[in-house]
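# A structural walkthrough
If you want the building blocks of each chain, they are given just below.
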Amino acid sequence: RYMSAQKKNLVQQATGIPSGRLLDVGCGTGAFLHTMQQGGWQVQGIEPDAGARRQAEQVLQIKIFEPDALESWPPQSFDAITLWHVLEHAHALHDYMNN
């Protein structure tokens, strides 16, 4: 909880807004999304692991999308996009960042 709260503060400082629309890429089981949602943010998550998506949806009632959903949102859909501990897992980093 402490780290999620610290990340929330970091997002608010970086964006300059107390709440907005957030996309968390590689959201795991949704702990950070839950913290942001409790803070008044509208949240969406992307997670490649089906088990983690299922757990987040069942426990937190937050809809988590598969990675290919990233291309379905139009530009400017989010006020903040986070990728906590994601880039080190990308096999084709340049391709991942270009999408």
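A brief structural summary. No experiment lies behind these values; they were computed from the predicted model shown.

Moving on: the overall build of the chain. Within the chain, the secondary structure is distributed over 4 helices and 4 strands. Scored against the burial criterion, the 99 residues of the chain give a buried share of 34%. For the chain, long-range pairs separated by at least 24 residues make up 51% of all intrachain contacts whose partners lie at least 6 apart in sequence. Here the chain displays about 6500 Å² of accessible surface, and carbon together with sulfur accounts for 50% of that area.

Within the secondary structure layout, Tyr-2 lies in helix H1 (residues 2-15). Look at Tyr-2 and you get exposed, because its relative accessible area is 61%. Between the alpha carbons of Tyr-2 and Thr-35 there is a distance of 10.0 Å; along the sequence they are 33 residues apart.

Basis of the calculations
Residues numbered from 1 in each chain as written. Predicted model: local features only at pLDDT ≥ 70, side-chain atom pairs only at ≥ 80, totals over all residues. Heavy atoms only, no water. Helix = DSSP H or I, 4+ residues; strand = E, 2+ residues; numbered from the N terminus. Buried < 20%, exposed > 50% of the residue type's maximum accessible area, 1.4 Å probe, protein only. Contact = heavy atoms within 4.5 Å. Areas by Shrake-Rupley, 256 points an atom, 1.4 Å probe, with all protein chains shown as cover.

Read these as geometric descriptors, not functional statements.
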